[in-house]
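Results of the structural survey
The residues making up each chain are set out below.
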Amino acid sequence: MSEVKAEMADWAEGQKVYAGELFLGLYQPSPETAGFWQGVARDELLFKWCAACARHYHPRRIICPQCSSTKLDWKPASGKGKVYSFSEVHRPPTKTFAKGAPYTVGLVETPEGVHYFCRIVAEGGAKIVVDAPAQLEFRELETGQRLPVFVVGGAALK
Ligand SMILES: [Zn+2]
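Presented here is a report on the structure given in the accompanying data block. Predicted model, so just to flag it, every value in this text is computed and none were measured.

**What to know about the overall build of the protein**
- A count of helices and strands for the protein gives three helices and ten strands.
- The N-to-C order of helical and strand elements in the protein reads α-β-β-α-β-β-β-β-α-β-β-β-β.
- Here the contacts in the protein between residues at least 6 apart in sequence split such that 51% fall between residues at least 24 apart.

Structure, rendered in structure tokens:
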């Protein structure tokens, strides 16, 4: 379990967040982000849901960006998606990320209407291309964090 998850309980103090050896700053969970990270801790990707206008959205907020309602809830993502855009990283920002390079990051468009930015992984000889079907999985990245990623060509799509 990563340092981030272990320190989630104490909201009074920021927690140090690293991407490998790169210090990113102090992270303080807030009412609009805590539910997301609690979901990630149990391998569940949650999107915000607005009951007033029946829409999902991400990044998470405390007010609906469409109708300004505050009647928001968390709903599990379907786990399905397709590649919307991507970039292959050949020059990673730190030595830690170099362990996984080259790797791909990008936006996955989900049936919920969310464009989710994450690591995109290709398996089984598949190639990451725009509109490629992708399936949600949780993977431990080279930073030691277990995070939601989308997989193209994985067993779940066959
Ligand atoms: Zn709304």
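Still more to cover.
**Some remarks on the sheet that holds strand β6 (residues 80-89)**
- With mixed pairing, the five strands of this closed barrel are ordered in space as β6-β7-β8-β10-β9. The mean angle between the axes of side-by-side strands here comes to 50 degrees, regardless of whether they run parallel or antiparallel.
- In this structure, strand β9 (residues 133-140) lies alongside strand β10 (residues 146-152), joined through six bridges in antiparallel fashion. Across the sheet, residue E137 finds its bridge partner in β10, namely V149.

**So, the environment of P148**
- Structurally, P148 is set in strand β10.
- Of the residues examined, P148 has 21 C-beta atoms within 10 Å and is grouped as buried.
- Sequence-wise, P148 and E44 are 104 residues apart; in three dimensions their C-alpha atoms are separated by 8.0 Å.
- If near-sequence neighbours (up to four positions away) are discounted, P148 is found in contact with V40, L45, C118, L136 and F138.

**Side note on the sheet that holds strand β5 (residues 72-76)**
- Taken together, three strands build an open sheet; the order of strands is β4-β3-β5 and the sheet is antiparallel. Two strands close off the open sheet at either side, each with one partner strand: β4 (55-57) and β5. Shown here is a sheet whose adjacent strand axes are inclined to one another by a mean of 40 degrees, direction ignored.
- Taken together, the three bridges between strand β3 (residues 46-50) and β4 define a ladder with antiparallel strand orientation. Each residue of the ladder has a partner; that of W49, found in β4, is H56.

**Description of the nonpolar core**
- Residues V108, I120, A134, F150 and V151 are the most contacted members of the largest nonpolar core, which totals 16 residues.
- Here this core gets four residues from one element, more than from any other, and that element is β10.
- The residue makeup of this core includes at least three contributed by each of domain 1 (3-76) and domain 2 (80-157).
- Setting aside residues no more than four positions away along its own chain, I120 makes contact with V83, F86, T104, V105, G106, V108, I128, A134, V149, F150 and V152.

**Comments concerning unusual backbone geometry**
- Note the cis peptide between H58 and P59, where omega equals 10 degrees.
- On the secondary structure map, P59 appears in the loop between β4 and β5.
- Cis geometry is found at the peptide bond from A101 to P102, where omega equals -5 degrees.
- Mapped onto the secondary structure, P102 falls in the loop between α3 (95-98) and β7 (103-109).
- With a phi angle near 55 degrees, A54 is a residue other than glycine that sits in the positive phi range.
- Locating A54 in the fold gives a position in the loop between β3 and β4.
- C-beta crowding within 10 Å serves as the criterion here: with 9 such atoms nearby, A54 is assigned to the exposed category.

Cut-offs used in this document
Residues numbered from 1 in each chain as written. Predicted model: local features only at pLDDT ≥ 70, side-chain atom pairs only at ≥ 80, totals over all residues. Helix = DSSP H or I, 4+ residues; strand = E, 2+ residues; numbered from the N terminus. Contact = placed C-beta atoms within 7 Å. Pairing = 2+ DSSP bridges. Axes fitted to C-alpha atoms, helices over the stretch in contact; angles between N-to-C directions. Buried ≥ 20, exposed ≤ 12 C-beta atoms within 10 Å, placed from the backbone. Core = buried A, V, L, I, M, F, W, Y, C linked by C-beta atoms within 7 Å. Domains from an automatic or database assignment.

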